[in-house]
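Summary of structural features
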Amino acid sequence: PESKGITVPTETGLYEITVETTDGNNTVTQTYYIYVDKTAPTVEPTYTKTTNSITVTPNAQDADSGIAEITYTLKNGNTVIATNKTGKFTGLNDE
């Protein structure tokens, strides 16, 4: 069997990969399509604060692949206080 390495594309775009397998008598060919996104998302967060809560709005965009997930982490220095997927932190003390 022959095996060749694949070089991962360095540019954003849709790429086609064709795999051909043969046993000497029969050949099977399959084509796969992959989208490579080399552009990072942008984020310009804003927040609103009340006496005991903070709500973060991410204002995140990614024109190529979209935003799959956003995780919010509230820290005090290096100490993680809370992490969530909603951006709302409640029960905080206003010190």
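Residues numbered from 1 in each chain as written. Predicted model: local features only at pLDDT ≥ 70, side-chain atom pairs only at ≥ 80, totals over all residues. Heavy atoms only, no water.

Another point: the pattern of salt bridges. As enumerated under the stated definition, the model contains 1 salt bridge in all. Across the pair lysine 85 and glutamate 69 runs a salt bridge whose closest N-O atoms are separated by 3.4 Å. Taken together, the positions of lysine 85 in the loop between β8 (79-84) and β9 (88-90) and glutamate 69 in the loop between β6 (60-61) and β7 (72-76) put the pair 16 residues apart, joining distant regions of the chain. Accessibility expressed as a relative area gives 57% for glutamate 69, which makes it exposed. (Salt bridge = Lys/Arg side-chain N within 4 Å of Asp/Glu carboxyl O. Helix = DSSP H or I, 4+ residues; strand = E, 2+ residues; numbered from the N terminus. Buried < 20%, exposed > 50% of the residue type's maximum accessible area, 1.4 Å probe, protein only.)

Here we come to the pairing of strand β2 (residues 27-36). On any regular strand, side chains alternate: one points to one face of the sheet, the next to the other face. Across 10 bridges, strand β1 (residues 13-22) lies against β2 in antiparallel orientation. Its bridge partner being in β2, glutamate 20 is matched across the sheet by threonine 29. In this structure, the hairpin formed by β1 and β2 is closed by a connection of 4 residues, where glycine 24 is found at a positive phi of approximately 100°. (Pairing = 2+ DSSP bridges.)

The next subject is the environment of valine 19. Tracing the sequence through the fold places valine 19 in strand β1. Separated by 39 residues in the primary sequence, valine 19 and proline 58 have C-alpha atoms spaced 41 Å apart. Look past the residues within four positions of valine 19 in its chain and what remains in contact with it is Val28, Thr29, Gln30 and Tyr32. (Contact = heavy atoms within 4.5 Å.)

Taken together, the side chains of Leu14, Tyr33 and Tyr35 define a hydrophobic patch exposed on the protein surface, amounting to about 370 Å² of accessible area. Checked against the element boundaries, tyrosine 35 lands in strand β2. Tyrosine 35 gets classed as partly exposed once you look at its relative accessible area, which sits at 41%. (Patch = residues over 30% accessible without salt bridge, like charges linked within 9 Å, V, L, I, M, F, W, Y side chains within 5 Å. Areas by Shrake-Rupley, 256 points an atom, 1.4 Å probe, with all protein chains shown as cover.)

What follows concerns the sheet that holds strand β4 (residues 46-49). As summarised here, the arrangement of the 3 strands in space is β4-β5-β9, forming an open sheet in which the pairing is antiparallel. Only two strands of the sheet have a single neighbouring strand rather than two, namely β4 and β9. Put simply, the sheet's adjacent strands are angled 10° from each other on average, direction ignored. (Axes fitted to C-alpha atoms, helices over the stretch in contact; angles between N-to-C directions.)

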